[in-house]
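Report on the structure
Now for the letters of each chain:
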Amino acid sequence: MREIQDHKDFSICSWYGPFEHITPKTVILELSEAVLKCFLFEEPSEDDSSEDSDGEETPLPGEFKEKLKNAFNTLGKTVFVKNNWHAPIDAKMFSTGNTLKAESADDIKLFFTTSTVIQKDLFNIKGIPFCLALRKWISIHPAAEFRCIVVNDTLRGITSRDWPTFYAHFKEEGSEIVENISDFFLENIKAKFPRKNYVVDIVLSYPDKPFILDFGPLNSRTNLYAFSWKEIGPLLNKDFQDEIAPVFRYLECDIGIMIREDALKKFRPKV
Ligand SMILES: Nc1ncnc2c1ncn2[C@@H]1O[C@H](COP(=O)(O)OP(=O)(O)OP(=O)(O)O)[C@@H](O)[C@H]1O
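Reading the values: the criteria
Residues numbered from 1 in each chain as written. Predicted model: local features only at pLDDT ≥ 70, side-chain atom pairs only at ≥ 80, totals over all residues. Heavy atoms only, no water. Helix = DSSP H or I, 4+ residues; strand = E, 2+ residues; numbered from the N terminus. Buried < 20%, exposed > 50% of the residue type's maximum accessible area, 1.4 Å probe, protein only. Contact = heavy atoms within 4.5 Å. Areas by Shrake-Rupley, 256 points an atom, 1.4 Å probe, with all protein chains shown as cover. Near = heavy atom within 4 Å. Polar contact = N/O pair within 3.5 Å; in protein donor to acceptor, adjacent residues only side chain to side chain. Nonpolar A, V, L, I, M, F, W, Y, C, P; charged D, E, K, R; others polar. Domains from an automatic or database assignment. Phe/Tyr/Trp six-rings, centres within 6.5 Å; stacked < 30°, edge-to-face > 60°. pLDDT = per-residue confidence, 0-100. Pairing = 2+ DSSP bridges. Axes fitted to C-alpha atoms, helices over the stretch in contact; angles between N-to-C directions. Patch = residues over 30% accessible without salt bridge, like charges linked within 9 Å, V, L, I, M, F, W, Y side chains within 5 Å. Salt bridge = Lys/Arg side-chain N within 4 Å of Asp/Glu carboxyl O. Lys, Arg positive; Asp, Glu negative; His and termini not counted. Charge placed at Lys NZ, Arg CZ, Asp CG, Glu CD.

Regarding the overall build of the protein
On a plain count of helices and strands, the protein comes out with nine helices and eight strands. Considering the protein as a whole, with its 271 residues, one finds that 46% of them fall into the buried category. Contacts in the protein between residues at least 24 apart in sequence constitute 70% of all its contacts with a sequence separation of at least 6. Total accessible area on the protein is roughly 15000 Å²; 52% of this is exposed by carbon and sulfur atoms.

Considering the site of the ligand
The environment of the ligand is made up of 16 residues, and the closest members are Lys-82, Ala-87, Glu-145, Arg-147 and Asp-214. Contacts to the ligand include Lys-82, whose side-chain N or O atom sits 2.8 Å from an oxygen atom. Here a nitrogen atom of the ligand and a backbone polar atom of Lys-136 are 2.9 Å apart. Surface burial for the ligand is 80%, taken as the share of its 620 Å² of free accessible area covered by protein chains. Of all elements in the fold, only β2 (79-82), β3 (131-136), β4 (145-151) and β7 (211-217) reach the threshold of two or more residues within the shell around the ligand. Partitioning the shell around the ligand into residue classes produces eight nonpolar, one polar and seven charged. Residues lining the shell around the ligand come from more than one domain, with at least three contributed by each of domain 1 (25-45 + 58-136) and domain 2 (142-267).

Describing the packing of aromatic side chains
Taken as a whole, this structure holds 17 aromatic pairs when the rule is applied. With 5.5 Å between their ring centres and 35° between their planes, Phe-10 and Phe-193 make a pair best called tilted. A residue pair is termed long-range when its members are at least 10 positions apart, and Phe-10 in the loop between α1 (2-9) and α2 (12-19) and Phe-193 in the loop between α7 (169-188) and β6 (198-203) qualify at 183 residues. Residue Phe-10 shares its accessibility class with Phe-193, and that shared class is buried. Following the ring pairs from residue to residue traces out a cluster consisting of Phe-10, Trp-15, Phe-19, Phe-193, Tyr-198 and Phe-215.

Regarding the confidence of the model for the protein
Per-residue pLDDT for the protein has a mean of 90; in total, 85% of the residues score no lower than 70. For this predicted complex, the interface confidence score (ipTM) comes to 0.98, while the overall pTM stands at 0.90.

Things to note about the sheet that holds β3
If you walk across this open sheet you meet the three strands as β1-β3-β2, and the pairing is antiparallel. Either end of the sheet is taken by a strand with one partner, and the two such strands are β1 (26-30) and β2. The sheet shows a mean angle of 20° between the axes of neighbouring strands, direction not considered. Both β2 and β3 contribute to a ladder of four bridges, which runs antiparallel. Across the sheet, Val-79 pairs through a bridge with Lys-136, a residue of β3.

Overview of the side chain of Thr-26
Within the secondary structure, Thr-26 sits in strand β1. Among the polar contacts listed, one links the side chain of Thr-26 to the backbone oxygen of Pro-24, at a separation of 2.8 Å. At 2.9 Å, the side chain of Thr-26 forms a polar contact with the side chain of Arg-135. Residues in contact with Thr-26, not counting those within four places in the same chain, are Ile-12, Tyr-16, Leu-75, Ala-133, Leu-134 and Arg-135.

Notes on the environment of Lys-136
Turning to its location among the elements, Lys-136 is positioned in strand β3. A residue is classified by how much of its surface remains accessible, and Lys-136, at 39% relative accessible area, is partly exposed. Here the alpha-carbon distance between Lys-136 and Ile-189, two residues 53 residues apart in the chain, equals 21 Å. Contacts of Lys-136, omitting those with residues within four sequence positions, involve Pro-24, Lys-25 and Leu-75.

As for a negative patch on the surface
Taken together, the side chains of Glu-176, Glu-179, Asp-183 and Glu-187 make up a negatively charged region of the molecular surface. Within the fold, Glu-176 resides in helix α7. The exposure class assigned to Glu-176 is partly exposed, which follows from its relative accessible area of 43%.

Written as structure tokens, this is what we have:
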């Protein structure tokens, strides 16, 4: 039950509208049953006696190809593609240049059919219409992306998504980063997202305004990067002052290529 609500609330189809002005421009195409089939790695075989389930690749219907063409025109030549919740990150190796830049319907099909993350969603999630979200391609520096942990609608933690990479400027600009993210959160997100506990990925790229990349559920399966579920989980049941300042956690010095968990612990301030 909880999962269905998570799938609804964290689907880009649900949150894109209210946050459209502060997230990359996106064209969302709903996937009909016929189109969905074209994005499945294998045709479901059990009890399927339909003539077109012969294991051959199913071509995209012309009408859908036309929609894709229009989306590419609207967004520019190159797009970033996702389903409702996930990007086909694990399909990167199949792309040219090892990026998820999609320039054609064939690229999208390749990313979707070769991504285990996407295929798992398509096979396992029931009761929610699937969509294809084509997002304007934006060059994002890895140090500019932050996963923000929101507990009881209060921003509690900020961590680089490029953890554990050392960035010297995090120390110098830490308080500015916290202030910018906190202001952005208070002005644009707090009380506007339908959940109280969640993660939100925010990009800070000066001199541009901050923007949202994605929302996600906050649970033991969430990647919290520099934070752990052991320390965040108990906060969900605690009452605390609304005005508490978030903790920004980053690697404070370059500890080299060999990263040991006990070495990392030393740099973790308390939440
Ligand atoms: N519009 C975009 N243009 C270029 N790169 C992007 C774009 N959107 C996201 N990315 C890159 O792809 C990465 C993964 O994107 P995103 O967070 O949307 O995927 P995800 O599957 O939801 O990830 P996770 O499951 O870890 O939350 C981001 O960290 C970012 O670097």
